[in-house]
Amino acid sequence: MTKRTSAKYKIDRRMGENIWGRPKSPVNKREYGPGQHGQRRKAKISDFGLQLRAKQKLKGYYGDLTEKQFRRIYAEAERVKGDTGENLIGLLERRLDAVVYRAKFVATVFAARQFVNHGHVLVNGKPVNIPSYRVKEGDVVEVRQKSKQLAVLLEAVQLTERDVPDYIEADHNKMTATFVRTPGLSDVPYPVVMEPNLVVEFYAKN
């Protein structure tokens, strides 16, 4: 098991949930946390604990973002007009690595970050290798011609565990994806319940 795969499953076990809905997640077999004390009876979680957990789950889902990265996105969500929690989800889904993942060009969020980093992706015909690059409505994300026959790509497209959401139009013959619109919380196909409202409460108090 690679270091990254190990870290990914550790996030699942720490949360006690299969946050990406992957069939190989260890949570499918045992729902307790990692480590020798993982099976201890769970104490009742405080409001602060629930808020912190909601934040860690959302951060983890998008490739275990650092606190600095996540805080910066949150600050922007707060500045924009409208509901901060909904804005936060919209900004996270506009990350280039998130769009690559949603379009099913790769199997995981972590693979999406690596795929973008390694220069396999074009946005509106121009190479972009920054996973946090923010796409706009109408942008076309495309796999570079030389990368279209990569095994990771061909395998991911065949995965049946998730579908491409309706705010992205993906063409797996051409390996292109158009970002149609910025989604709200109810549009995003999270396998588990995400609670951006608790993230808002967390930052309001801390």
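Everything numeric in this text was worked out from a predicted model, so none of it was measured.

1. Regarding the packing of aromatic side chains
Following the criterion strictly, the structure yields seven aromatic pairs and no others. Ring geometry for Tyr62 and Tyr190: centres 6.4 Å apart, planes at 85°, overall edge-to-face. With Tyr62 in the loop between α2 (47-61) and α3 (67-79) and Tyr190 in the loop between β5 (176-179) and α8 (196-205), the pair connects residues that are 128 residues apart, well separated along the chain. By the burial criterion, Tyr62 is buried, and Tyr190 matches it. On the basis of an interplanar angle of 35° and a centroid distance of 4.5 Å, the ring pair of Tyr74 and Tyr203 is categorised as tilted. One end of the pair, Tyr74, is in helix α3; the other, Tyr203, is in helix α8, with 129 residues separating them in the sequence. Taken together, the aromatic side chains of Phe48, Phe70, Tyr74, Phe202 and Tyr203 make up a single cluster linked through ring pairs.

2. Thoughts on the sheet that holds strand β1 (residues 121-123)
Taken in spatial order, the five strands of this open sheet run β2-β1-β3-β5-β4, and their pairing is antiparallel. The open sheet is flanked by β2 (126-127) and β4 (168-171), the only strands paired with a single partner. Sheet topology places β4 next to β5; four bridges connect them, and they run antiparallel. In the strand pairing of β5, Ile168 is matched with Phe179.

3. As for the pattern of salt bridges
Counted by the stated rule, this structure contains eight salt bridges. Linking Glu67 and Lys59 is a salt bridge whose minimum nitrogen-to-oxygen distance equals 3.2 Å. We note a salt bridge from Glu76 to Arg134, for which the minimum N-O separation is 2.6 Å. Of this pair, Glu76 sits in helix α3 while Arg134 sits in the loop between β2 and β3 (140-143); the two residues are 58 residues apart in sequence, bridging distant segments of the chain. By relative accessible area, Glu76 is classed as partly exposed at 25%. A relative accessible area of 27% means that Arg134 is categorised as partly exposed. Among the charged side chains, a salt-bridge network with shared partners connects Lys55, Lys59 and Glu67.

4. Some words on the pairing of β3
Burial of the side chains of β3 is restricted to one face: Val141 and Val143 are buried, whereas none of Val140 and Glu142 on the reverse face is. Note that β1 and β3 share three bridges and pair antiparallel. Residue pairing in the sheet places Leu122 in a bridge with Glu142 of β3. In this structure, β3 lies alongside β5, joined through three bridges in antiparallel fashion. Looking at β5, one finds that Glu142 is bridged to Thr176.

5. Some words on the nonpolar core
Within the largest apolar cluster, 46 residues are counted, with the highest numbers of intra-cluster contacts made by Leu58, Tyr62, Leu88, Leu96 and Val100. Among the elements that make up this core, the one with the highest residue count is helix α5 (residues 96-102) (five residues). The residue makeup of this core includes at least three contributed by each of domain 1 (9-34 + 44-92 + 191-205) and domain 2 (96-186). Ignoring anything within four residues of it in the chain, the contact list for Leu58 reads Phe70, Leu88, Ile89, Leu92, Tyr190, Met194 and Val199.

6. A look at helix α4 (residues 84-93)
Summarising burial for α4: nine of the ten residues are buried, a large majority. Taken together, the buried positions of α4 are occupied by Thr84, Gly85, Asn87, Leu88, Ile89, Gly90, Leu91, Leu92 and Glu93. Taken together, the buried residues of α4 touch α2, α3, α5, β5 and α8. Among the residues of α4, the N-terminal cap falls to Asp83, whose side-chain oxygen and the backbone nitrogen of Gly85 are separated by 3.1 Å.

About the thresholds
Residues numbered from 1 in each chain as written. Predicted model: local features only at pLDDT ≥ 70, side-chain atom pairs only at ≥ 80, totals over all residues. Heavy atoms only, no water. Phe/Tyr/Trp six-rings, centres within 6.5 Å; stacked < 30°, edge-to-face > 60°. Helix = DSSP H or I, 4+ residues; strand = E, 2+ residues; numbered from the N terminus. Buried < 20%, exposed > 50% of the residue type's maximum accessible area, 1.4 Å probe, protein only. Pairing = 2+ DSSP bridges. Salt bridge = Lys/Arg side-chain N within 4 Å of Asp/Glu carboxyl O. Core = buried A, V, L, I, M, F, W, Y, C linked by side-chain atoms within 4.5 Å. Domains from an automatic or database assignment. Contact = heavy atoms within 4.5 Å. Polar contact = N/O pair within 3.5 Å; in protein donor to acceptor, adjacent residues only side chain to side chain.

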